[in-house]
Amino acid sequence: MFSSNLKYLRNKFGLEQVELANKLGRKSGSTISEWEKGTYTPKIKVLSEIASIFNVDLDDLMNKDLTTNDEETIIDKITDTVKTLSPTRQSKVYSFAKAQKREQDEDVVREDSNTYHLSDYQDLLFCGPVSAGTGEWLDGEHQETVSLPKNILPNTAFDFVVQVNGDSMEPMFRDNEYIFVRKTTDIRSGQIGIFIIDGEAYLKKAYTEEDQLRLVSLNDKYDDLIFKDYNAIKLVGTIVL
């Protein structure tokens, strides 16, 4: 049991035999190779050091088949890695995990939608794509109808649907996701809205600051966009969640 567990844990942690040997104060990986072959087992002191390196119980190392616990292993690997990250990078991992959960939930909805009847869908006014990145053309003439499952529609009234193009508003809004818009000419600072600026449409969080409009992405790899009075700025509407 020890030999297979040792090889499994070493591979799990991405260590070469010589790297593990160095951690144990040995110059060569040949000793590790002999242990993994089952040729012989190290003394109890070395076994304790191995258990400590891989953060496992000594009894489990010797007597439990750790190779069958793959699901827990993945979680452990993520947890161990996240612990080594800075708080800012930990936050990014958490945001990504939430986005994956949301995508998984939506996949379930799509799978279930195969059994829907026509009455489970609703035809909605679709006004095309809106950029979550650098801007996308959106004019009033692009109007068509899209059928969406009723169970994904918001409870609050909205006027039309657009489709996100880009990742700058992740994790809240994903690329190709449909979002629901209520027409308005007013927006509070800090709200998320759709703007047409110099003929291009943006999906952003908006902040009005003195003589400028600052549009902010939720994905922090994108810089803020600053527009002045001389830009042609039009608020299309706010997002209904």
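Thresholds, definitions, all that
Residues numbered from 1 in each chain as written. Predicted model: local features only at pLDDT ≥ 70, side-chain atom pairs only at ≥ 80, totals over all residues. Heavy atoms only, no water. Helix = DSSP H or I, 4+ residues; strand = E, 2+ residues; numbered from the N terminus. Contact = heavy atoms within 4.5 Å. Buried < 20%, exposed > 50% of the residue type's maximum accessible area, 1.4 Å probe, protein only. Arc of directions from axis to C-beta. 1 Å grid on protein atoms, 1.4 Å probe; cavity = no way out; pocket = protein on both sides within 12 Å on 5 of 7 lines; lining within 4 Å. Points joined across faces, edges and corners; volume = space filled by probe spheres on them. Nonpolar A, V, L, I, M, F, W, Y, C, P; charged D, E, K, R; others polar. Phe/Tyr/Trp six-rings, centres within 6.5 Å; stacked < 30°, edge-to-face > 60°. Lys NZ or Arg CZ within 6 Å of the ring centre and 35° of its normal. Axes fitted to C-alpha atoms, helices over the stretch in contact; angles between N-to-C directions. Parallel < 35°, antiparallel > 145°, perpendicular 65-115°, else oblique. Salt bridge = Lys/Arg side-chain N within 4 Å of Asp/Glu carboxyl O.

Engineer: Let's hear about the side chain of Thr238: which residues, and what values?
Structural biologist: Following the sequence through the fold, Thr238 ends up in strand 10 (residues 233-240). Those residues within four positions of Thr238 in sequence are excluded, and the remaining contacts are Phe180, Val181, Arg182, Thr184, Asp186, Ile187, Gln191, Ile192 and Gly193.

Engineer: So what's going on with helix 3 (residues 30-37)? Which residues, and what values?
Structural biologist: All of the buried residues along helix 3 are Ile32, Ser33, Trp35 and Glu36. Along the axis of helix 3, the buried residues cluster in a sector spanning 160°; they form a single face. Tucked inside the fold, the buried residues of helix 3 contact helix 1 (2-12), helix 2 (17-23) and helix 4 (44-53).

Engineer: Provide a residue-level description of the environment of Ala157, including the pertinent values.
Structural biologist: Mapped onto the elements, Ala157 comes out in the loop between strand 3 (144-149) and strand 4 (160-165). Sequence-wise, Ala157 and Val240 are 83 residues apart; in three dimensions their C-alpha atoms are separated by 7.8 Å. Once you skip the residues sitting within four places of it in the chain, Ala157 turns out to touch Arg182 and Val240.

Engineer: Residue-level account of unusual backbone geometry, with values.
Structural biologist: Residue Pro171 is reached from Glu170 by a cis peptide bond, and omega for that bond is 10°. For Pro171, the location among the structural elements is in the loop between strand 4 and strand 5 (178-183). Even without glycine at this site, Asn55 takes up a positive phi of about 55°. Looking at the element boundaries, Asn55 is found in the loop between helix 4 and helix 5 (58-63). Residue Asn55 is classed as exposed on the basis of its relative accessible area of 64%. Here Glu210, not a glycine, exhibits a phi torsion of approximately 50°, which is positive. A residue is classified by how much of its surface remains accessible, and Glu210, at 86% relative accessible area, is exposed.

Engineer: I'd like a rundown of the layout of surface pockets, residues and numbers included.
Structural biologist: Roughly 340 Å³ of volume is contained in the second largest pocket. Contributing to the lining of the second largest pocket are 14 residues, with Lys92, Ser95, Phe96, Glu170 and Pro171 lying nearest its centre. A class-by-class count of the residues in the lining of the second largest pocket yields four nonpolar, five polar and five charged.

Engineer: Help me get a handle on the packing of aromatic side chains, residues and values and all.
Structural biologist: In total, this model carries four aromatic pairs according to the counting rule given. Here the aromatic rings of Phe13 and Phe54 are separated by 5.2 Å at their centres, their planes lie at 55°, and the arrangement is tilted. With Phe13 in the loop between helix 1 and helix 2 and Phe54 in the loop between helix 4 and helix 5, this residue pair connects regions lying 41 residues apart in the sequence. Over the aromatic face of Tyr222 sits the side chain of Lys204, whose NZ or CZ is 5.9 Å from the ring centroid.

Engineer: Provide a residue-level description of the packing of helix 1 against helix 3, including the pertinent values.
Structural biologist: It is at 6 Å that the axes of helix 1 and helix 3 come closest, and there the two elements cross at 125°. One way to sum up the angle between helix 1 and helix 3 is to call them oblique. Only Ile32, Trp35 and Glu36 of helix 3 make contact with helix 1, whose side of the interface consists of Phe2, Ser3, Leu6, Lys7 and Arg10.

Engineer: Can you lay out the pattern of salt bridges for me, pointing to particular residues and giving the numbers?
Structural biologist: Scanning the entire structure with this criterion turns up four salt bridges. Taking the shortest distance from any N to any O, the salt bridge between Lys221 and Asp167 comes out at 3.1 Å. On the criterion of sequence distance, the pair formed by Lys221 in the loop between strand 8 (212-216) and strand 9 (225-228) and Asp167 in the loop between strand 4 and strand 5 is long-range, its members being 54 residues apart. Assessed through its relative accessible area of 21%, Asp167 is described here as partly exposed. One connected set of salt bridges, linked through shared partners, spans Glu209, Arg214 and Asp224.

Keep in mind that these numbers describe shape and distance, not what the molecule does.
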